[in-house]
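Residues per chain, in single letters:
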Amino acid sequence: RVLHSYHAGVSMAYLLHDFVHLAQQRSQEVDPTFLRLKEVFWLCKDKVGQDLYCPRDGKLGRALVDLLPPQDRKRQNYFMS
């Protein structure tokens, strides 16, 4: 499970559809900036994954990729920034 988490990537289908809706919902904006998403995902009271344990270090706070269902979370093959 730890190695699977280290190598996990997010599907383009998720990024282009579900993530867009999640970003818009959390930010209350149609086209939020990266800095705005940082605020509404991780610098707010209701942080994404805050109540779940991380499979890598066992501490509270799970990465977004570790929250995704199997169909949207596969072994990464490209890094995009």
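Everything here concerns the structure above.
Before going into details, it helps to say that this report is about the structure given with it. No experiment lies behind these values; they were computed from the predicted model shown. (Residues numbered from 1 in each chain as written. Predicted model: local features only at pLDDT ≥ 70, side-chain atom pairs only at ≥ 80, totals over all residues. Heavy atoms only, no water.)

1. As for the overall build of the chain
Scanning the chain for helices and strands turns up three helices and two strands. What you see in the chain, going N to C, is helices and strands ordered as α-β-α-α-β. Taking 81 residues into account, the globule formula puts the C-alpha radius of gyration at 12 Å, and the chain, at 13 Å, falls close to it. Overall, the chain is about 35 × 25 × 20 Å in size when its C-alpha atoms are taken along their principal axes. Relative to its 81 residues, the chain shows a buried fraction of 28%. (Helix = DSSP H or I, 4+ residues; strand = E, 2+ residues; numbered from the N terminus. Rg over C-alpha atoms; globule rule 2.2 N^0.38 Å. Buried < 20%, exposed > 50% of the residue type's maximum accessible area, 1.4 Å probe, protein only.)

2. Considerations on helix α2 (residues 12-27)
Here α2 spans 21 Å end to end across 16 residues, near enough to the 22 Å set by a 1.5 Å rise per residue. Of all the residues in α2, the buried ones are Tyr14, Phe19, Ala23 and Ser27. Along its buried surface, α2 packs onto β1 (8-10) and α3 (34-42). Immediately beyond the C-terminal end of α2, within one or two residues, lies Gln28, with a positive phi of roughly 60 degrees. (Expected span 1.5 Å × (residues − 1). Contact = heavy atoms within 4.5 Å.)

3. Things to note about the packing of aromatic side chains
For the structure on display, the rule yields three aromatic pairs. Measuring from ring centre to ring centre gives 5.7 Å for Phe19 and Phe41, while their planes differ by 45 degrees; the resulting arrangement is tilted. Of the two residues, Phe19 sits in helix α2 while Phe41 sits in helix α3, which places them 22 residues apart along the sequence. In terms of burial, Phe19 and Phe41 fall into one category: buried. Both rings, one in Phe41 and one in Trp42, keep their centres 5.1 Å apart while their planes meet at 40 degrees; by these two values the pair is tilted. A relative accessible area of 0% places Phe41 in the buried class. Grouped by ring-pair contacts, the aromatic residues Tyr14, Phe19, Phe41 and Trp42 constitute a single cluster. One cation-aromatic arrangement involves Arg26 over Phe41; the distance from NZ or CZ to the ring centre is 5.5 Å. (Phe/Tyr/Trp six-rings, centres within 6.5 Å; stacked < 30°, edge-to-face > 60°. Lys NZ or Arg CZ within 6 Å of the ring centre and 35° of its normal.)

4. Comments concerning a nonpolar patch on the surface
Taken together, the side chains of Val10, Met12, Leu15, Leu16, Tyr78 and Met80 present a nonpolar region at the surface, about 660 Å² in accessible area. Among the elements that line the nonpolar patch, the one with the most residues is α2, at three residues. Under the relative-accessibility criterion, Met80 is labelled exposed at 60%. (Patch = residues over 30% accessible without salt bridge, like charges linked within 9 Å, V, L, I, M, F, W, Y side chains within 5 Å. Areas by Shrake-Rupley, 256 points an atom, 1.4 Å probe, with all protein chains shown as cover. Salt bridge = Lys/Arg side-chain N within 4 Å of Asp/Glu carboxyl O.)

5. What to know about the state of the cysteines
Linking two cysteines covalently via their sulfur atoms produces the bond known as a disulfide. Counted according to the given criterion, the structure contains zero disulfides. Free cysteine Cys44: the closest other cysteine sulfur is in Cys54, separated by 18 Å. On the basis of relative accessibility, which here comes to 22%, the residue Cys44 falls in the partly exposed class. (Disulfide = S-S within 2.5 Å.)

These figures capture arrangement, not role.
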